Amino acid sequence: MIARVYITLKEGVLDPQGKTVQKSLHSIGFQDVSDVRVGKYIEVTLPDSLNKAEADKKLKQMCEKLLANTIIENYSFNIVAKT
Amino acid sequence: MKWGVIVFPGSNCDHDCYHVLKHVLHQDTHFLWHKDTDLNSFDAVILPGGFSYGDYLRTGAMAKFSPMMQSVVAFAKKGGLVLGICNGFQILLESGLLPGAMLRNSSLKFICESVNLRVENSKNPFTQYYQKSEELSMPIAHREGNYFIDQEGLKKLKDNNQIIFRYVKNPNGSEDNIAGISNEKGNVLGLMPHPERASESLLGSQDGRRLFESAIHALESNR
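Described in the following lines is the structure provided in the data block. Predicted model, so just to flag it, every value in this text is computed and none were measured.

Quick notes on the overall build of chain A
Item 1. Within chain A one finds two helices and three strands.
Item 2. Traced from its N-terminal end to its C-terminal end, chain A shows the element sequence β-α-β-α-β.
Item 3. By the compact-globule yardstick of 12 Å for 83 residues, chain A is too spread out, its C-alpha radius of gyration being 16 Å.
Item 4. Counting only C-alpha atoms and orienting by the principal axes, one finds that chain A spans roughly 50 × 30 × 15 Å.
Item 5. A buried classification covers 29% of the 83 residues belonging to chain A.
Item 6. Considering only intrachain contacts with a sequence separation of at least 6, the fraction spanning at least 24 residues in chain A is 65%.
Item 7. When the accessible surface of chain A is split by element, carbon and sulfur atoms take 55% of a total near 5400 Å².
Item 8. In chain A, 12 side chains carry a positive charge and 10 a negative one; their mean positions are 5 Å apart.

In structure tokens form, the structure reads like this:
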């Protein structure tokens with residue numbers, strides 16, 4: 001199974017990278033873009049033998065301990081079958 | 001006094017720190033590999049600048065799991081002096097030895113220049129040879145030096161006098177112009193500027209040297 005992990009900056013944490021991307025989008029004609037936030041996308045491959053509850057628990061630990069810095073970042077993930 | 005300079009894969013200011021302590025200040029100084037764990041005979045340790053583990057994921061995020069960092073956390077809890085410079089500061093934040101986190105500079109640029117700092121607390125073991133409000137010149141060289149802490153955390157830092165250095169002119173977007181903070185006890189200091197690059201007149205400034213001399217003095221008076 002593959003877990004798709006999304007790391008995003010918390011609301012209220014300034015994202016200079018997102019602001020710069022937003023300005024660039026404006027400059028190429030997408031004036032209606034009102035905000036851009038840049039985050040990270042991580043794919044984690046786990047054994048298919050794990051059940052959903054076990055996988056959820058492991059992923060939560062991975063996010064809390066390493067993948068995200070919960071002072072500035074939120075995380076979410078979903079699990080899909082390996083294709 | 002016995003000093004350890006921790007070397008992570010990707011550290012690049014380790015030799016500068018070693019040079020200042022060993023050759024300028026004549027301390028018993030040793031390199032410590034990140035896989036080592038023994039800090040028993042050491043009085044103080046430095047986490048130097050650089051790009052530990054390639055700064056992968058987030059600056060300092062990988063280094064906090066190295067065997068040596070587990071020993072550094074225990075060493076700090078026992079009251080040992082710990083100094084984190086630049087990437088070392090980022091590692092201290094990721095390890096939870098200091099509060100807050102680093103964001104990318106507001107300009108998004110890597111900034112390498114000399115900046116002026118103000119000493120906000122001259123009662124810390126690392127700052128007792130400075131005057132409060134004294135201005136110092138030291139170089140910075142980083143892309144992730146934009147210090148972030150929530151308002152509650154900031155209030156705690158202020159109430160406990162944990163803000164040790166502020167930028168005179170904010171170069172990176174850092175909250176409340178913060179350039180360096182300590183833990184509550186004061187024995188762990190993290191700062192983005194490089195005192196080890198400002199410890200000899202040949203290098204343009206000696207303002208960083210008193211930081212190390214203060215720590216040596218603090219250790220000697222504790223003996």
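Once the structure has been displayed, the description carries forward.
Considerations on the pairing of strand β3 (residues 44–47) of chain B
The side chains of a regular strand alternate, first on one face of the sheet and then on the other.
All names here are of chain B.
Item 1. The side-chain alternation of β3 yields two buried faces, one formed by Ala-44 and Ile-46 and the other by Val-45 and Leu-47.
Item 2. The pairing of strand β1 (residues 2–7) with β3 spans three bridges and is parallel. In the strand pairing of β3, Val-5 is matched with Ile-46.
Item 3. Across four bridges, β3 lies against strand β4 (residues 81–85) in parallel orientation. Of the residues in β4, the one forming a bridge with Ile-46 is Leu-83.
Item 4. Between β3 and its parallel partner β4, the chain crosses via helix α2 (residues 67–77), and the hand of that crossover is right-handed.

Some details on the pattern of salt bridges
Residue and element names in this part refer to chain A.
Item 1. Within this structure, the stated rule accounts for 16 salt bridges over all chains.
Item 2. Notably, a salt bridge pairs Lys-19 with Asp-35, separated by 3.4 Å at the nearest N-O pair. Of this pair, Lys-19 sits in helix α1 (residues 16–27) while Asp-35 sits in the loop between α1 and β2 (40–45), and the two are 16 residues apart along the sequence.
Item 3. Classification of Lys-19 as partly exposed rests on a relative accessible area of 42%.

Some thoughts on the state of the cysteines
Item 1. The final tally for this structure, using the stated rule, is zero disulfides over all chains.
Item 2. Not engaged in a disulfide, the cysteine Cys-13 of chain B finds its nearest cysteine sulfur in Cys-86 of chain B; these two sulfurs lie 6.5 Å apart.

Parameters and conventions
Residues numbered from 1 in each chain as written. Chains lettered and ligands numbered in written order. Predicted model: local features only at pLDDT ≥ 70, side-chain atom pairs only at ≥ 80, totals over all residues. Heavy atoms only, no water. Helix = DSSP H or I, 4+ residues; strand = E, 2+ residues; numbered from the N terminus. Rg over C-alpha atoms; globule rule 2.2 N^0.38 Å. Buried < 20%, exposed > 50% of the residue type's maximum accessible area, 1.4 Å probe, protein only. Contact = heavy atoms within 4.5 Å. Areas by Shrake-Rupley, 256 points an atom, 1.4 Å probe, with all protein chains shown as cover. Lys, Arg positive; Asp, Glu negative; His and termini not counted. Charge placed at Lys NZ, Arg CZ, Asp CG, Glu CD. Pairing = 2+ DSSP bridges. Right-handed = clockwise from strand over helix to strand, strands pointing away. Salt bridge = Lys/Arg side-chain N within 4 Å of Asp/Glu carboxyl O. Disulfide = S-S within 2.5 Å.

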